[in-house]
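# An overview of the molecular structure
One-letter residues, chain by chain:
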Amino acid sequence: MKMSTLLLILSLIAVTFETTVFAATSYNVNKLGAKADGKTDSTKAFMSAWSRACGSVKAATVYVPKGRYMVGGMEFSGPCKNNEITVRIDGTLVAPGNYNVVGKGQYWLRFQHVDGVAVVGGVMDAQGAGLWACKMSRSRNCPDGATTLAIFNSKNVKVYGLTSVNSQMFHIVVNGCDDVKMVDVNVQAPSDSPNTDGIHVQLSTGVTILNSKISTGDDCVSIGPGATNLWIENVGCGPGHGISIGSLGKDLNEEGVKNVTVKKVNFKDTDNGLRIKSWARPSHGFVDGVLFESANMTNVQNPILIDQNYCPSHKNCPNQVSGVKISNVRYQDVHGTSATEVAVKFDCSKKYPCEDITMQDVNLSFKKEVPASAYCVNVGGKTSGVMKPTGCF
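Definitions and cut-offs
- Residues numbered from 1 in each chain as written.
- Predicted model: local features only at pLDDT ≥ 70, side-chain atom pairs only at ≥ 80, totals over all residues.
- Heavy atoms only, no water.
- Helix = DSSP H or I, 4+ residues; strand = E, 2+ residues; numbered from the N terminus.
- Rg over C-alpha atoms; globule rule 2.2 N^0.38 Å.
- Buried < 20%, exposed > 50% of the residue type's maximum accessible area, 1.4 Å probe, protein only.
- Lys, Arg positive; Asp, Glu negative; His and termini not counted.
- Charge placed at Lys NZ, Arg CZ, Asp CG, Glu CD.
- 1 Å grid on protein atoms, 1.4 Å probe; cavity = no way out; pocket = protein on both sides within 12 Å on 5 of 7 lines; lining within 4 Å.
- Points joined across faces, edges and corners; volume = space filled by probe spheres on them.
- Nonpolar A, V, L, I, M, F, W, Y, C, P; charged D, E, K, R; others polar.
- Contact = heavy atoms within 4.5 Å.
- Disulfide = S-S within 2.5 Å.
- Pairing = 2+ DSSP bridges.
- Axes fitted to C-alpha atoms, helices over the stretch in contact; angles between N-to-C directions.

Across its full length, the protein chain carries four helices and 30 strands. Compactness check: the protein chain gives a C-alpha radius of gyration of 22 Å against a globular reference of 21 Å for 393 residues, within 12% of the reference. Projected onto its principal axes, the C-alpha coordinates of the protein chain cover approximately 65 × 50 × 45 Å. Across the 393 residues that make up the protein chain, the buried fraction comes to 53%. A gap of 4 Å separates the mean positions of the 38 positive and 32 negative side-chain charges of the protein chain.

Here we come to the layout of surface pockets. By volume, the largest pocket amounts to about 820 Å³. Surrounding the largest pocket, 32 residues form its lining, Met 169, Phe 170, His 200, Gln 202 and Lys 250 being those nearest its centre. Grouping the amino acids of the lining of the largest pocket by side-chain chemistry returns eleven nonpolar, 13 polar and eight charged.

Once that is clear, we can look at the side chain of Ser 154. Here Ser 154 is to be found in the loop between strand 11 (147-152) and strand 12 (155-160). Leaving out residues up to four positions away in the same chain, Ser 154 has contacts with Phe 111, Gln 112, His 113, Val 114, Gly 176, Cys 177 and Asp 178.

This next bit is on the state of the cysteines. According to the stated counting rule, one finds five disulfides in the structure shown. A sulfur-sulfur separation of 2.0 Å characterises the disulfide bridge that pairs Cys 348 with Cys 354. Its S-S torsion of approximately -100° makes the covalent link between Cys 348 and Cys 354 left-handed. Note on accessibility: Cys 348 and Cys 354 belong to one class, buried. Sulfur-sulfur distance for the disulfide between Cys 376 and Cys 392 comes to 1.8 Å. Handedness here is read from the sign of the S-S torsion; for Cys 376 and Cys 392, about 70°, the answer is right-handed. With Cys 376 in strand 29 (residues 373-377) and Cys 392 in the segment after strand 30 (379-388), this residue pair connects regions lying 16 residues apart in the sequence. The class of Cys 392 is partly exposed, set by a relative accessible area of 34%. No disulfide involves Cys 177; its nearest neighbouring cysteine sulfur is the one of Cys 80, lying 14 Å away. Assessed through its relative accessible area of 4%, Cys 177 is described here as buried.

So, about the sheet that holds strand 8 (residues 107-112). The eleven strands lie next to each other as 5-8-11-14-17-19-21-23-25-27-29, forming an open sheet whose pairing is parallel. With one partner strand each, in any of the chains shown, strand 5 (74-77) and strand 29 form the two edges of the open sheet. Recorded for the sheet is a direction-independent mean angle of 15° between the axes of neighbouring strands. Looking at chain direction, strand 23 (residues 272-279) and strand 25 (residues 302-310) are connected through six bridges and run parallel.

Structure follows, in structure tokens:
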């Protein structure tokens, strides 16, 4: 199926949600006791609405009207009696002001073992600033924090028009899933907010991310072990750490990453652009079949980067080499400006060099008086078309 056709289908699906959401059996959280004042704990009302929707044999809707709703950690579990549940959010969900309430758990809102769930609209405000300040103070009493929205071990899940702001940790995590579509997602967090990845995908297949804007303090999109058949298109990234495959190779026995497409992405003021990184330690992991196409860089620190010598704090990996095999990676129509002189860097494994790396029509500049340069170690491939900086393999 062509991507243009897929986009049209997704748009039609979104319109269908807009016009039919209230035709299903609807459970209004206000009628079940929720208060739209941003202060009253409405967790029980939300869970009651989910329980009824999940237990319905007919298509059902959990409806959140306009207003601000304070909710604690919630787990929306299946399997359900129907595979057509819509969570329609017209308001804002707010995490408790005391970050310890949510931070002691790993997730604020978690869907698991569901099939056929759509989350439509809404704002999720995790109020992470207090926890970030705690972490930056180097206090040992700070909890790790919670992911805002987690989708685990589920299939046929759709997320449309959702805004996630100020997550304590990751904004959205997709883990162990099949067929998850995220469209018009907006992620917002300051550039100095720690570990606030926008969207993280691992151990999942058939995940699609479209028409989204991600501004955060870590990776805009991070791709972990076991991610296959992933499609990312028309995404704005910045500030943040770019779009990253990895870190891979943390564990010896690790699933590989395969068939990833990233196209029509704009990077602005990010630490990285298109990045693949792996730990410098033994691993059975791999990266195979990646297409980076039509990427625009504006003042990006490392526009194109493969780093197989990742060793934070120089612990558990010095004097070792990465066992992750990276092959069949294509960079096509990548252009714009680098904030550093080295715009292309391939620092690959001595034991398992990067293979079949293809670069076509890459045009990256540094400064008028100083052209951009490339750095390549243990990499093999070919180039064609425009090549600035000049390729080094």
